[in-house]
Amino acid sequence: YRVQIVPVWSEQQSFGGAVMVLDDVSEVRRLEQVRTEFVANVSHELRTPLTSIKGFVETLRDGAVEQPEVAYRFLSIIEEETCRLQRLIEDLLQLSSIESQREQPFAEKSSLETALRQVQQLLEPLANEKNIAITFHVEKALPPVPLGPDPLRQVLVNLVENAIKYTLAGGQVSVTANRTVEGVVVEIIDTGIGIPQESLPRIFERFYRVDKARSREMGGTGLGLAIVKHLVEGCGGHVLVTSKFGQGSTFRVTLPLK
Ligand code: ADP
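Let me sum up the structure you'll find in this document. What you see is a predicted model, and the numbers here were worked out from it, not measured in a lab.

**Details of the overall build of the chain**
Stage number 1. Helices and strands together make up the secondary structure of the chain, namely six helices and seven strands.
Stage number 2. In terms of overall dimensions, the chain is more spread out than a globule: its C-alpha atoms have a radius of gyration of 24 Å, far above the 18 Å expected for 258 residues.
Stage number 3. Summarising its shape, the C-alpha atoms of the chain cover approximately 90 × 60 × 35 Å along the three principal directions.
Stage number 4. Going through the 258 residues of the chain one by one, you find that 37% of them count as buried.
Stage number 5. Of the contacts formed within the chain by residues at least 6 apart in sequence, a portion of 67% connects residues at least 24 apart.
Stage number 6. Here the chain has roughly 15,900 Å² of accessible surface; of this, 54% comes from carbon and sulfur atoms.
Stage number 7. Once the 28 positive and 33 negative side-chain charges of the chain are each reduced to a mean point, those two points are 2 Å apart.

Given below as structure tokens:
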């Protein structure tokens, strides 16, 4: 609480009492803390690939460049780290642009069927590469949903890509879309590694990962689900997750129709 004590003077300019104002600033403090943590996280996430790039460039300059095999390996790492930085910056810019766009979330509508077809085309090769069976079942004649084509595709790509990333070879991913009384519901179900119960409330936070090393190895930025949540809630929808550690996860996105 912030406490303010204001003296009250009577008409004869003598002290008449005091008013104490108690201001609940816990929410302000919490938001300040969230912002400070976010800046610290961003700095850390940017510094890690930069340090690595700098180190490999120095080693190359100090002589490794003379050995073609070593040089080639180092250049691949530099390239990978540069791509990581690029993805991170793109995700950060996207998140900040969603956060600053408050008005008219319902202005644009688009077809879920089209978006899912594009996602299928984009991600089926990734699933095939990992020997994961991926299926899409979309109810016929679904009404348009209140998200523009790009944000809608982004939501679906992030969720389906995660399902593939966090499922081991030989597993299954199923994507369904149906109309319900609540709106259009998209479910992304995988038979993957699952999410521990205690992590479930945190996975939509920016930069939260259950397993940092695994996410990093998969090329993740830790921002994908935060973007999903912002976009879905921005158009009046919601996203829920249920999961059994070691068995698989289900992400359920409900998009309103009005
Ligand atoms: P990342 O870039 O690390 O994938 P996300 O924001 O997309 O970041 O996801 C946050 C974390 O949630 C991931 O690091 C992972 O630990 C967990 N996660 C997300 N989707 C799944 C899934 N389908 N199965 C298991 N874990 C998942």
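Text resumes after the structure shown.
**Overview of the sheet that holds strand S4 (residues 172-179)**
Stage number 1. Taken together, the five strands give an open sheet; going across it, the order is S3-S4-S5-S7-S6, and neighbouring strands pair in mixed fashion. The sheet is open, and its two borders are formed by strand S3 (133-138) and strand S6 (238-244), each paired with just one other strand. Neighbour-to-neighbour, the strand axes of this sheet turn through a mean angle of 10°, independent of strand direction.
Stage number 2. Direction of pairing for S4 relative to strand S5 (residues 184-190): antiparallel, over a ladder of seven bridges. By the bridge assignment for S5, Val 173 is matched with Asp 190.
Stage number 3. Relative to the sheet, helix H4 (residues 149-165) contacts S3, S4, S5 and strand S7 (248-255), its axis offset from that of S5 by approximately 20°.
Stage number 4. With respect to the sheet, helix H6 (residues 224-234) is in contact with S6 and S7, its orientation differing from that of S7 by roughly 25°.

**Concerning the pattern of salt bridges**
Stage number 1. Throughout the structure, instances matching the rule amount to 10 salt bridges.
Stage number 2. Of the charged contacts, one joins Glu 205 and Arg 202 as a salt bridge, the two residues approaching to 2.9 Å between their closest N and O atoms.
Stage number 3. Since its relative accessible area comes to 33%, Glu 205 is described here as partly exposed.
Stage number 4. For Lys 229, the salt bridge is made with Glu 233, and the minimal N-O distance between the two is 3.0 Å. Within this pair, Lys 229 and its partner Glu 233 are both found in helix H6, separated by four residues, close to a single helical turn.
Stage number 5. The exposure class assigned to Lys 229 is partly exposed, which follows from its relative accessible area of 30%.
Stage number 6. The exposure class of Glu 233 is partly exposed, given its relative accessible area of 40%.
Stage number 7. In the salt-bridge network here, residues are joined through shared partners; they are Glu 81, Arg 84 and Arg 216.

Conventions adopted
Residues numbered from 1 in each chain as written. Predicted model: local features only at pLDDT ≥ 70, side-chain atom pairs only at ≥ 80, totals over all residues. Heavy atoms only, no water. Helix = DSSP H or I, 4+ residues; strand = E, 2+ residues; numbered from the N terminus. Rg over C-alpha atoms; globule rule 2.2 N^0.38 Å. Buried < 20%, exposed > 50% of the residue type's maximum accessible area, 1.4 Å probe, protein only. Contact = heavy atoms within 4.5 Å. Areas by Shrake-Rupley, 256 points an atom, 1.4 Å probe, with all protein chains shown as cover. Lys, Arg positive; Asp, Glu negative; His and termini not counted. Charge placed at Lys NZ, Arg CZ, Asp CG, Glu CD. Pairing = 2+ DSSP bridges. Axes fitted to C-alpha atoms, helices over the stretch in contact; angles between N-to-C directions. Salt bridge = Lys/Arg side-chain N within 4 Å of Asp/Glu carboxyl O.

Everything listed is a geometric property; what it means functionally is a separate question.
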